[in-house]
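Examination of the molecular architecture
Now for the letters of each chain:
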Amino acid sequence: MLIDMASDSPREGQIFRTQVCVIGGGAAGLTITRELAKAGVSVITLEGGGLKESKRSQEIYRGENLGRKYFRLHRSRRRYLGGSTNCWAGLCAPLRPSDFERRPWIPHSGWPIGIDEVGPYYERAGELLKIGPFHSQLDQPLPVGQWMKGSGLKLEGFESVFFQMSPPVRLGKLWREELKALKEARVMINANVTHLQLESSAEAMASVTCKVFDGPQFKVEAQQFVLACGGIENPRMLLNARDVMTQGIGNQRDLVGRYFMEHPHIDRESLWLPGGATPSLNHYRRQKRSKKRGRMWPYIRPSVESLQREELLDFSLVLFRRKNIEREEKKHPLLRVVWESSEHLHDPTKAPKTPRAYTFGNPMEQAPNPDSRVALNESGERDELGLLTSTLTWRLSSLEKRTLRRAHEMLAESLAGQDYGRMRVTPTHNLDTFPRQTKGGYHHMGTTRMGIDERTGVVDGEGKVFGVNNLFIAGSSVFATSGSANPTLTIIALALRLAEHLKSLSRGQK
Amino acid sequence: MNSEARLELIDTKGLDRRILLKGIATFLGYPLLSTINGCTPSKSALPERLSAQTVGIEGVQKLWKPPPSVIELGREVINNHQVTPDIQALLKALSESSKRQKRTPVELAEAIRRLHHKAAKTGSWVEIKGWRLTTVEAAAYALSSFTLVN
């Protein structure tokens with residue numbers, strides 16, 4: 001059922017009891033709620049926002065950026081039922097098997113689990129996100145000629161793959177009626193969590209304290225707790241709970257909030273002028289939705305072997321046609337000269353009169369970096385609920401800079417190797433700076449990362465907080481590394497996996 | 001690079017210069033060289049001293065007027081990159097390739113193309129205002145623009 005705590009107000013100090021308490025009604029939280037309730041496990045889900053976006057609720061997310069330029073924190077996610085699925089673009093791709101492995105050239109890389117443990121949940125995650133028939137892309141690149149037009153570019157060291165696209169689904173809206181009908185689920189909206197209460201032994205969670213705006217305070221007691229508030233709020237909640245553990249829950253090694261990762265996007269930098277030998281590029285257009293294959297958006301990514309050889313982070317390249325050549329000429333000197341020269345490399349009689357030009361969308365992996373972090377505001381600034389607000393220090397390292405540069409160089413080399421025209425590689429030579437337009441993808445990851453033990457992570461391979469027996473964390477904050485794929489599909493897959501684990505725990509406790 | 005240096009580097013090491021010029025032109029993609037006769041009254045594409053030394057080269061050069069864009073790009077290569085070693089390396093590689101690969105301009109162009117692909121694979125690059133050219137392409141463009149920079 002769905003309970004609006006603002007209108008259906010609880011008594012002051014009322015205590016609700018349940019088997020599992022899920023904190024957060026976004027992609028991970030709602031997935032776990034739905035799975036558990038369907039399996040007969042009683043769940044209370046606490047969502048701070050309502051059914052629609054409100055300024056007051058969004059203000060709770062307000063924080064300060066201390067690192068490189070980033071989006072305003074209260075605008076970079078959504079605080080109402082469905083969370084940031086209310087604003088996502090719908091791009092879905094699984095992480096690669098190599099993303100889970102330790103890569104010696106990437107400090108702090110490696111998950112405590114492998115693709116074998118997450119892979120089986122991807123197909124189901126794809127179903128929930130309505131991406132159409134799932135093609136895992138784990139073992140093989142694009143099924144040439146099967147689902148896509150043409151064969152794409154044959155580039156040495158690269159492979160053509162695709163995002164499968166969700167419509168995109170807004171899970172709060174999509175599952176609202178279903179959640180209302182589920183007897184075992186009590187989804188409480190306008191229920192702002194203000195405190196995570198540990199038992200005095202600090203070995204388990206005892207309860208969660210909630211507050212309704214302009215209303216009463218109440219508690220939820222449960223056998224298991226799941227924190228699923230996103231990559232910035234998860235560490236903020238843990239760090240604010242300092243009554244039993246003075247450094248915050250799960251923070252005995254000062255890891256909570258560290259390793260904040262984004263997918264740095266450096267779009268529309270380099271320019272490519274396809275030459276006469278280039279095959280049709282219709283292949284790389286966003287494909288229309290069909291029942292047979294859903295909707296797809298092809299992109300180019302380096303092969304695992306290339307990444308290993310070059311010792312780079314993962315990255316993707318998406319093609320964007322540039323039609324305003326005059327504008328591009330201002331940005332890219334010699335454009336017309338190079339194009340006209342290139343055209344002579346082939347059949348000048350067939351050369352088009354105006355250059356075809358493409359730039360690239362370039363989302364990439366960020367290396368785990370302990371100095372890139374979410375922390376509590378040292379000035380003591382608090383939100384309306386009395387919690388210390390967050391600060392974000394987003395830092396990129398020399399590895400991202402090198403990857404950015406080499407990604408474009410490698411592509412230029414592969415294009416030239418196939419007589420596919422010329423490319424202007426513009427990401428800076430100067431490794432002290434990133435291009436001005438470097439931005440994130442609204443993906444907040446890594447701040448309560450999975451690790452082998454509490455020295456390397458905040459949660460274990462199941463998502464359980466080290467040292468706290470009944471507290472789990474869901475969402476992209478548990479990612480140990482990020483790959484270059486958008487995170488939502490993996491968030492849902494991990495949530496399904498955690499739900500399975502919680503079901504088995506609940507069966508044992510019944 | 002001064003003009004004297006440019007003359008020195010055209011040591012074609014046994015290559016037939018006419019075929020070399022035609023081969024470069026064919027590689028760069030203007031097939032008019034081998035198909036059209038006497039279409040341009042251009043002045044010599046190579047430095048005078050070289051022309052004087054080479055029997056028959058005048059005839060080739062009269063037909064060889066690279067498009068302005070090719071000449072401009074060649075000029076950019078010369079102005080922004082120390083291209084002499086690349087030209088020497090290209091000529092050396094061509095002179096060492098098998099005789100069968102350099103009998104005709106088309107064969108020579110293919111040989112240059114293979115070297116170009118090899119340079120792409122091995123990361124042998126020149127960057128001219130951000131544009132990536134293989135060292136082989138850079139050398140070919142530079143050779144094409146000699147008349148204008150003299």
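Rules used in this analysis
- Residues numbered from 1 in each chain as written.
- Chains lettered and ligands numbered in written order.
- Predicted model: local features only at pLDDT ≥ 70, side-chain atom pairs only at ≥ 80, totals over all residues.
- Heavy atoms only, no water.
- Helix = DSSP H or I, 4+ residues; strand = E, 2+ residues; numbered from the N terminus.
- Buried < 20%, exposed > 50% of the residue type's maximum accessible area, 1.4 Å probe, protein only.
- Areas by Shrake-Rupley, 256 points an atom, 1.4 Å probe, with all protein chains shown as cover.
- Pairing = 2+ DSSP bridges.
- Contact = heavy atoms within 4.5 Å.
- Core = buried A, V, L, I, M, F, W, Y, C linked by side-chain atoms within 4.5 Å.
- Salt bridge = Lys/Arg side-chain N within 4 Å of Asp/Glu carboxyl O.
- Polar contact = N/O pair within 3.5 Å; in protein donor to acceptor, adjacent residues only side chain to side chain.
- Nonpolar A, V, L, I, M, F, W, Y, C, P; charged D, E, K, R; others polar.
- Axes fitted to C-alpha atoms, helices over the stretch in contact; angles between N-to-C directions.
- Phe/Tyr/Trp six-rings, centres within 6.5 Å; stacked < 30°, edge-to-face > 60°.
- Lys NZ or Arg CZ within 6 Å of the ring centre and 35° of its normal.

The number of helices and strands found in chain B is 10 helices and two strands. Ordered by position from N to C terminus, the α and β elements of chain B give α-α-α-α-α-α-α-α-β-β-α-α. The buried share of chain B, reckoned over its 150 residues, is 55%. Taken as a whole, chain B presents about 6900 Å² of accessible surface, with 50% of it coming from carbon and sulfur.

Attention now moves to the pairing of strand β16 (residues 390-393) of chain A. Residues and elements named next belong to chain A. Of the two faces of β16, both are covered, the one formed by Ser390 and Leu392 as well as the one formed by Thr391 and Thr393. In terms of strand pairing, strand β4 (residues 63-65) meets β16 through three bridges, oriented parallel. For Gly63, the partnering residue across the bridge sits in β16 and is Ser390. Direction of pairing for strand β15 (residues 373-376) relative to β16: antiparallel, over a ladder of four bridges. Bridging across to β16, Leu376 finds its partner in Ser390.

Residues and elements named next belong to chain A. Along the polypeptide, Thr31 turns up in helix α1 (residues 27-38). Through-space distance from the C-alpha of Thr31 to that of Leu227 is 13 Å; in sequence the pair is 196 residues apart. With residues up to four places along the chain from it excluded, the contact list for Thr31 reads Gly26, Leu128, Leu171, Trp175, Ile492, Ala495 and Leu496.

For the rest of this paragraph, the subject is the nonpolar core. Judged by nonpolar contacts, the single largest core of 96 residues is most densely connected at A:Leu46, A:Leu196, A:Val208, A:Phe218 and A:Val226. A per-element tally of this core places helix α12 (residues 488-509) of chain A first, with nine residues. In this view, A:Phe218 contacts A:Met5, A:Pro10, A:Arg11, A:Gln14, A:Phe16, A:Leu46, A:Met188, A:Ala191, A:Val208, A:Thr209, A:Cys210 and A:Val212; residues no more than four positions away in its chain are not counted. Counting residues in hydrophobic clusters, the runner-up holds 39 residues, among them A:Val337, B:Ala109, B:Ile112 and B:Trp131.

It is worth spelling out unusual backbone geometry at this point. Residue and element names in this part refer to chain A. In this chain, Pro167 is followed by Pro168 through a cis amide linkage whose omega measures 5°. With respect to the secondary-structure elements, Pro168 resides in the loop between β6 (158-165) and α5 (171-174). Even without glycine at this site, Tyr259 takes up a positive phi of about 65°. What makes Tyr259 buried here is its relative accessible area of 7%. The backbone of Glu311 shows a phi angle near 55°, a positive value even though the residue is not glycine. Locating Glu311 in the fold gives a position in the loop between α8 (304-310) and β13 (318-322).

On to the interface of chain A and chain B, then. Across the contact, 28 residues belong to chain A and 27 residues belong to chain B. The interface formed by chain A and chain B includes six salt bridges. Of the charged contacts, one joins A:Arg422 and B:Glu137 as a salt bridge, the two residues approaching to 2.3 Å between their closest N and O atoms. Joining chain A to chain B, the criterion identifies 12 residue pairs in polar contact (both at pLDDT 80 or more). For the side of chain A that touches chain B, the elements supplying multiple residues, two or more each, are β11 (271-274), α10 (335-343), α11 (398-417) and β17 (421-424) of chain A. Split by residue class, the side of chain A that touches chain B holds 13 nonpolar, seven polar and eight charged.

All names here are of chain A. If you walk across this open sheet you meet the three strands as β4-β16-β15, and the pairing is mixed. Among the strands making up the open sheet, the edge pair consists of β4 and β15. On average, each strand axis in the sheet is inclined to that of its neighbour by 25°, with strand direction left out of account. Against the sheet, helix α7 (residues 233-240) contacts β15 and β16, and its axis sits at roughly 35° relative to β15.

Residues and elements named next belong to chain A. Taken as a whole, this structure holds 11 aromatic pairs over all chains when the rule is applied. A ring pair is formed by Phe158 and Phe315, whose centres lie 6.4 Å apart and whose planes are at 65°; its orientation type is edge-to-face. Of this pair, Phe158 sits in strand β6 while Phe315 sits in the loop between α8 and β13, and the two are 157 residues apart along the sequence. For the pair Phe158 and Phe315, one class covers both residues: buried. One aromatic cluster in this structure is built from Tyr70, Phe71, Phe260, Trp394 and Tyr442. Positioned above the aromatic ring of Tyr61 is the side chain of Arg79, whose terminal nitrogen or guanidinium carbon lies 5.8 Å from the ring centre.

All names here are of chain A. With respect to the helices and strands, Ile325 occurs in helix α9 (residues 325-331). Assessed through its relative accessible area of 5%, Ile325 is described here as buried. Taking C-alpha positions, Ile325 is 8.9 Å from Leu335, a pair spaced 10 residues apart along the chain. Setting aside anything within four residues of it in sequence, one finds Ile325 in contact with Leu335, Arg336, Pro355 and Ala357.

Glancing now at the pattern of salt bridges. Going through the model one piece at a time under the given rule, you end up with 40 salt bridges over all chains. Across the salt bridge formed by A:Arg405 and A:Glu409, the nearest N and O atoms sit 2.9 Å from each other. With A:Arg405 and A:Glu409 both in helix α11 and four residues apart, the pair spans about one turn of that helix. For the residue pair A:Arg405 and A:Glu409, the accessibility class agrees, reading buried in each case. With its nearest N and O atoms 3.3 Å apart, the salt bridge here joins B:Arg132 to A:Glu413.

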